Amino acid sequence: MTSKQDWIASPSQPLHGELTIPGDKSISHRAVMFAALADGVSRIDGFLEGEDTRATAAIFARLGVRIETPSASRRIVHGVGVDGLKPPAGDLDCGNAGTGMRLLAGLLAGQPFDSVLVGDESLSRRPMRRVTVPLARMGARIDTAEGGLPPLRIHGGQALAGIDHTLEVASAQVKSALLLAGLYARGETVVREPHPTRDYTERMLAAFGVDIEFSPGHARLRGGQRLRATDIEVPADFSSAAFFLVGASIVPGSRLRLRAVGLNPRRTGLLAALRMMGADIAEENHRVHGGEAVADLLVRHAPLRGIEVPEALVPDMIDEFPALFVAAACAEGPTVVRGAAELRVKESDRLAAMATGLRALGLRVDETPDGATLHPGALQGGRIESHGDHRIAMAFAMAAQRAQGEVRIGDVANVATSFPGFDALARGAGCGLAHTP
Ligand code: S3P
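Residues numbered from 1 in each chain as written. Predicted model: local features only at pLDDT ≥ 70, side-chain atom pairs only at ≥ 80, totals over all residues. Heavy atoms only, no water.

This part is about the pattern of salt bridges. Enumeration according to the criterion identifies 40 salt bridges in this entry. D24 is the partner of R267 in a salt bridge, and the nearest nitrogen-oxygen pair spans 2.8 Å. Here D24 lies in the loop between strand 2 (16-20) and helix 1 (25-37) and R267 lies in the loop between strand 15 (255-262) and helix 8 (269-276), a separation of 243 residues in the sequence. There is no split in this pair, since R267 and D24 are both buried. One salt bridge in this structure joins R198 and D319, with 3.1 Å as the shortest N-O distance. Here the residue R198 occupies a position in the loop between strand 11 (188-192) and helix 6 (200-207), and D319 occupies one in the loop between strand 17 (292-300) and helix 9 (321-329), the gap between them amounting to 121 residues. For the pair R198 and D319, one class covers both residues: buried. A single network of salt bridges, built from pairs that share partners, joins R126, R198, D319, E347, R350 and D389. (Salt bridge = Lys/Arg side-chain N within 4 Å of Asp/Glu carboxyl O. Helix = DSSP H or I, 4+ residues; strand = E, 2+ residues; numbered from the N terminus. Buried < 20%, exposed > 50% of the residue type's maximum accessible area, 1.4 Å probe, protein only.)

Taken in spatial order, the four strands of this open sheet run 2-15-17-16, and their pairing is mixed. Looking along the sheet, the strands with just one partner apiece sit at the ends: strand 2 and strand 16 (280-289). When the angles between neighbouring strand axes are averaged without regard to direction, this sheet yields 15 degrees. In the sheet, strand 2 pairs with strand 15 via five bridges, with the strands oriented parallel. Considered in strand 15, the bridge of G17 is made with L256. (Pairing = 2+ DSSP bridges. Axes fitted to C-alpha atoms, helices over the stretch in contact; angles between N-to-C directions.)

A separate point is unusual backbone geometry. Note that the residue after P150, namely P151, is joined by a cis bond; omega there is 0 degrees. Topologically, P151 is positioned in strand 9 (residues 149-155). Positive phi, close to 45 degrees, is recorded for A260, a residue that is not glycine. Its place among the elements puts A260 in strand 15. In this structure A260 comes out as buried when scored by relative accessible area, which is 14%. The backbone phi angle of N285 is positive, close to 60 degrees, even though this residue is not glycine. Assignment of secondary structure puts N285 in strand 16. Its relative accessible area of 48% is what places N285 among the partly exposed residues.

Right, let's talk about the side chain of D6 for a bit. Here D6 is to be found in the segment before strand 1 (7-10). By relative accessible area, which is 9% here, D6 ends up buried. Reaching out from D6, the side chain makes a polar contact with the side chain of R408 at a distance of 2.9 Å. Once residues lying within four places of it in the same chain are set aside, the contact partners of D6 are R383, R408, I409, G410, D411, V412, A434, H435 and T436. (Polar contact = N/O pair within 3.5 Å; in protein donor to acceptor, adjacent residues only side chain to side chain. Contact = heavy atoms within 4.5 Å.)

Moving on to the domain arrangement of the protein chain. Reports of interface size often rely on the accessible area that becomes lost once the parts have come together. Here the domain parsing of the protein chain yields domain 1 (7-23 + 235-435) and domain 2 (25-233). Taking the mean C-alpha position of each, domain 1 and domain 2 sit 29 Å from one another. Contacts between the two partners involve 26 residues from domain 1, matched on the other side by 25 residues from domain 2. Carbon and sulfur atoms make up 45% of the area that domain 1 and domain 2 hide from each other, which totals about 2,200 Å². Connecting domain 1 to domain 2 are four salt bridges. Of the charged contacts, one joins E342 and R130 as a salt bridge, the two residues approaching to 2.9 Å between their closest N and O atoms. Our count for the domain 1 to domain 2 interface comes out at 13 residue pairs in polar contact (both at pLDDT 80 or more). Across the side of domain 1 that touches domain 2, the residue classes break down as seven nonpolar, nine polar and 10 charged. (Domains from an automatic or database assignment. Buried area = accessible area lost by both parts, 1.4 Å probe. Nonpolar A, V, L, I, M, F, W, Y, C, P; charged D, E, K, R; others polar.)

The pairing of strands in a sheet happens through backbone hydrogen bonds and is either parallel or antiparallel. Reading across from one edge, 6-7-9-8 is the order of the four strands in this open sheet, with mixed pairing throughout. The strands lining the two open edges of the sheet, one partner per strand, are strand 6 (92-93) and strand 8 (141-145). Relative to strand 9, strand 7 (residues 115-118) runs antiparallel, the two being bridged by three bridges. Paired with L117 across the strands is L152, a residue of strand 9.

Our focus in this paragraph is the site of the ligand. Near the ligand, the surroundings consist of S26, R30, T99, R102, A170, S171, A172, Q173, R198, I318, D319 and K346. One nitrogen or oxygen atom from the main chain of A172 is found 3.0 Å from an oxygen atom belonging to the ligand. At 2.8 Å from an oxygen atom of the ligand is found a main-chain nitrogen or oxygen belonging to Q173. Burial of the ligand by the protein amounts to 95% of the accessible area it has alone, namely 390 Å². (Near = heavy atom within 4 Å. Areas by Shrake-Rupley, 256 points an atom, 1.4 Å probe, with all protein chains shown as cover.)

Here we take up helix 2 (residues 51-62). For helix 2, spanning 12 residues, the distance from its first C-alpha to its last is 16 Å, which sits close to the expected 16 Å at 1.5 Å a residue. All of the buried residues in helix 2 are D52, T53, A55, T56, A57, I59 and F60. Contacts from the buried residues of helix 2 go to helix 1, strand 4 (66-68), strand 6 and helix 3 (98-109). Residue G64 follows helix 2 closely and has a positive phi angle near 95 degrees. (Expected span 1.5 Å × (residues − 1).)

Structure below.
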């Protein structure tokens, strides 16, 4: 992850074939965490072998949890119980993962020992007050670097008390951090959200036997409960599938089937947006994997038109805007995004990164503080920066499939945080995508 690597991307063939997309990142993080805290042995199938989720597994190993890897994408976790984690020697490295760091902040705030959470360059620029401030209201003691940035120095041994908290920004990470701290708190913890966000923490805690009450925008649990080991089957990550949904939609002649993709309604805002744009995406073979709805997605090329993205869809497609911008770049008529200021504090400032990159390929993009208006046109070749952001790199790899020249995408190593093997899978599907020598 340290040496800089670029891609050279260019149009090749229509996208075709059947693809298996790697496991869901959000679910994989939580599966390891909750299995580690459970009483008994849990098996995880479909675990994402990405750098983010492996960093989380490595942290629990450092906290004294035995985790076996019988084969790729499988883990056997020997849970130590909610009170069984051991003090770590040295800092705990979350890598690039905001989910890892924020959820762990809540979980570690309730331990009897001190710990320090650190991250890579990108994570070290991401705001942490959104978790440390409400956790402090529960009695946690967490020091940050100046400006509320990582590292997080967590002072253990605090008596936590449950709170009733309304989130300022819709964030599943913050909600989850508070619920995990709530497991260690006296009394009840209630989290209310301005817009419902992904509910994997709630659903998975329930699967681990925790008595938790939840509905969209609201979750409540009592402290002092134990978790019971269970097996978890992780569906394919919709956010990773998104790049192929867009790639096949924009390249004429494409027809692609994506197997067993997770379709949790709090994740699939992009499906709704693409369909509003005229995309041809069918859902087949609906079933339930480990409590999550999955289906095969069959996507065929279709002419797209620009839309005003409904603000209500934003939380349900918060990770998909890089992909959406690429679809919009190839549509007829402008696309308008509003109410998406959170994009400025993701792995990069995604509004700025997409606007700058699309301008470098010849498009007009009018940026606003919380969105952008994108004017489509013929994409030229050029050089763009991913800013070390996996989703920016993958989005431009797909945009390049419609460009009139070669697109060089700078600094793509972080694609391995969420989608190891993306480039090989993309090439196999027909994309022109090579590494720089
Ligand atoms: C995630 C929540 C979202 C999302 C991130 C994963 C999670 O972040 O962007 O990729 O697993 O809880 P926020 O909670 O900051 O919106």
